[in-house]
Structure formats: C-alpha cells, structure tokens
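# Analysis of the macromolecular model
Listed below, chain by chain, are the residues.
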Amino acid sequence: MVNNKKLHYSWVIVISCFIITMFIQLQTNTWSYFQLPVTTELGISYVQFSISSMLATVANMVFGIVLASRIAKGNLRMYMLGGGIIAAVLWFLQGYATQIWQIYLTYSLLSFALAAVLYIPINILMTNWFIDKKAMALSLAILGSSIGQMIFSPVIAGFIETNGWRPLSRVYGIVTLVAIFVVFLLVRKSPADKGLEPYRSNKNSSDQAAAAQKQMWMGLTKKEAVKTGTFWLFAFVVVCVGIIAAGIITQIPTFLGENQISYAVPMVVYSLCVILGKVTIGPLFDKLGVFGGIVICMVMIICSLVAMFFVSASIVWAYVSMALFGLGCIAGALVPPLMVSNLFGVKEYGGIYGFANFFFYGGCMIGSILTAGIRTATGSYNAAWIVCTAICAVIIVFSGICIKLSKKLKEAY
C-alpha cells in the first residue's frame, strides 16, 4: 500500500509550489499595476513601458533554452534559492530606478532569475514526485497565483495609490526573499532525497506499484527528441496554445469596452472560474488522459468564443463567455508540461520542457499581436475570434496526431 509518509510529503511539495505561485508569481502577474505610476513619474509612454514585458518574455525564452537542462540535472533547490535571492535584490534595486532603461534591465534580469523558481522547477518537481494524480497536483500548485491575485490585488492597488510604486517594488523584494527561504526548507528535488518513491494512488497494491514503475517509459534525451518530427509537431501545438493563452485574454477588456460593458464584473467571473478550473479540470486530465483534457479545454474555449458574438445583444453572454474561457484556459498551464512527459518520457524532462517553454512564450508574443492586428485591420474582433476558434481546432487535431506518433517513438526507443 502507499506509504503515508510518502503520501504526506508529496503534497508538501505541492504546498511549496503553491507558496511560490501565490507570493512570487503574483508579483509578475501584477506588473501591469506599475504602468500608470511609472509612466507618469518617468514621463514615458505606455508603449515604452510595455517593452519591459516583452523583454521579460524574451528572458524566459532564453532561460528555457540555456539553463532548463542544468536545473533538471543539477541541484534544483540551490538553483531555486539562487534565483529567488537574485530576484529579491533586483526588485529592491528597481525601486531606485530613475530611467526607463534601468527598468528594462532590472525587470528582464529579474524575470530571468525567477525562471529558476517558477514554472520549469515546479513542473520538474511535479514530474519527479507524482506518477498518479500529476495533473491534479500541478493544478493545485499553480492555484496559488489565482488565489493570491484575488486576495492581494485590491491590497496592492491600494498600496500603490497610497505609497507609490517604489516602496511596493521593495516590498516585493522582501516577500520574494522570505518565500524562497521557506520553500528552500521544504522542497526536495525527488522522492529519493527523502528515501521515498513517487506518489501513487492508494488503490494501487505494492505489486501494482512495482509493475507501474517497471512499465514507466523513461523516454528520450533532449538531443534525441529534437531530431524527431513528433517534437516539431508538438512545438507547433505549443505555439498555438500560447497564441490562445495570450491572444484572447489581452484583448478582453478592450472588446468589452467597445461593447459598452465595464469589464470589472465579467473579469471577476473569469477569475473565479480560473480558480474552479484549476481545481476541477486537472483531475479530468488524470482521468481522461492528456488528449481528453485537451479536447475538453478547447471545446470550452471555442464555446466561449462563440458566446462573444452575442455579447453586443446582452451582457449575459459576456458572463457566459468569461466563465467558459476561465475554465478552459487552464490548458495553457497543463498542456505543455503534461504532453512533454506523455510524448517524450521523463529521462530528460526538464530540458525538453524548458525548450518547449521557448515555443509557448513565442506563441504568447504572437497571440496578442495577432488578435490586436486582426481587430485593427478589420475594425471588429469577430474575425479575430474566428481565427482563434480555428486555432483551437488545430490544437485538438495535431495534439491527437502527436499522441499517436508517440506510440511509434516508444516502440523505436
């Protein structure tokens, strides 16, 4: 039967990752809160400020290529600790910036450092510690960002209004430092570090667990994986997932505004459904498999996009659309990491997932430009929603092809 100690500590890892997303990822999620006070004080435009976000995305892409494999093979705890300390120092220094180039420098380096703390390490930990219920564990781990944003957003907004953006930047540095030391004390890279095995459901007998361990596919190295057509088809899918993840949500406030609807309440509905989705959709990925989970998420997003065509007729459709998109958008967090282990195994999971992150962030950069560009060219968001619907269908089809091709990889390797 499952060792209670093993069961307990597997979920301690989830709690540790929850702390990371709640207190550290929250800071990057609220970077847009800095836009108005920073641009006002420094006398720069919104476009100049938005370049900082683009540089941060590039930093994450570079990290995925350069250091993801080293984190997976090396001392993950020390990488996380080092990244957290560097990010804390940079947050603190940013509070003294007087020129926009200093913001660019500190925020891009900060984002690079936080890549050693956020999604790549979190997904490595989930893969190492969970055989069963991995999607649910990952969903709960990243739930912290949504809970944190719901709880702390009003506090952060009020703090900026009262004290300004510079003190907030320093507070972020302190919070990062405290959080990363707590996580450092709790996290262990793999169950072997605690004399344990990866988590399996209680229903598995010891014989079944041993059989599952024996049958678990170790997979390909990163070098082997990138030589396969399956990888590049998968990379295309990940780009499409990134386009959907960023291309829709970045345009929602403007879309609702053009329909004379305040986005405040619909976005609350969206936020609540994101939380609900992280609790409910993850277990569905475990139960139905990666492809089943992808189909459910993409169908929800397609229905959300269809509902957007009726928003001009009634505000109810705005709530329906935001609810469905909030449930389905969990795909952006679950599809890339779960497909990596499903397609290419766990032998060099960190390196392959880090490389996949490069394509995901590339898709995110394309997404916001694509949907905004279509809106500008056509004068309406309808064409953009049609294109996004087609991309969702492409994700379903090509994900299915990838999973079928992976069977041949397992036979070949």
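Everything discussed here concerns the structure shown above.
Not measured: the values here are computed from a predicted model.

Here we come to the packing of aromatic side chains. As enumerated under the stated definition, the model contains 34 aromatic pairs in all. Aromatic pair phenylalanine 23 and phenylalanine 152: ring centres 6.0 Å apart, planes at 45°, arrangement tilted. One end of the pair, phenylalanine 23, is in helix α1 (residues 4–29); the other, phenylalanine 152, is in helix α8 (residues 134–163), and 129 residues separate them in sequence. By relative accessible area, which is 24% here, phenylalanine 152 ends up partly exposed. With a centroid separation of 5.1 Å and 75° between ring planes, the pair formed by phenylalanine 63 and phenylalanine 112 is classed as edge-to-face.

All right, on to the environment of phenylalanine 18 then. Along the chain, the position of phenylalanine 18 falls in helix α1. Separated by 125 residues in sequence, phenylalanine 18 and leucine 143 have C-alpha atoms that sit 6.6 Å apart. Once residues within four sequence positions are removed from consideration, phenylalanine 18 is found in contact with Leu140, Ala141, Leu143, Gly144 and Ile147.

Time to look at unusual backbone geometry. At lysine 133, a residue that is not glycine, the phi angle is positive and equals roughly 60°. If you trace the backbone, lysine 133 turns up in the loop between α7 (119–129) and α8. Phi is positive for glutamine 260, which is not a glycine, with a value near 55°. Looking at where glutamine 260 falls in the secondary structure, it is placed in the loop between α13 (252–258) and α14 (264–308). For glutamine 260, a relative accessible area of 72% puts it in the exposed group.

Let us look at the nonpolar core. Judged by nonpolar contacts, the single largest core of 127 residues is most densely connected at Met126, Phe234 and Ile248. Top element by residues in this core is helix α12 (residues 229–249). It accounts for 13 residues. Every residue in contact with methionine 126, bar those within four places of it in the chain, is listed here: Ile13, Val14, Cys17, Lys134, Ala137, Leu138 and Ala141.

A few words on the packing of α8 against helix α16 (residues 331–344). Running from N to C, α8 and α16 point in directions that differ by 145°, and their axes come no closer than 11 Å. With respect to the hand of their crossing, α8 and α16 are arranged in right-handed fashion. Only Ala333, Leu334, Pro337, Leu338 and Ser341 of α16 make contact with α8, whose side of the interface consists of Lys134, Ala135, Leu138, Ser139 and Ile142.

Cut-offs applied
- Residues numbered from 1 in each chain as written.
- Predicted model: local features only at pLDDT ≥ 70, side-chain atom pairs only at ≥ 80, totals over all residues.
- Heavy atoms only, no water.
- Phe/Tyr/Trp six-rings, centres within 6.5 Å; stacked < 30°, edge-to-face > 60°.
- Helix = DSSP H or I, 4+ residues; strand = E, 2+ residues; numbered from the N terminus.
- Buried < 20%, exposed > 50% of the residue type's maximum accessible area, 1.4 Å probe, protein only.
- Contact = heavy atoms within 4.5 Å.
- Core = buried A, V, L, I, M, F, W, Y, C linked by side-chain atoms within 4.5 Å.
- Axes fitted to C-alpha atoms, helices over the stretch in contact; angles between N-to-C directions.
- Left-handed = near helix turned anticlockwise from the far one by under 90°.

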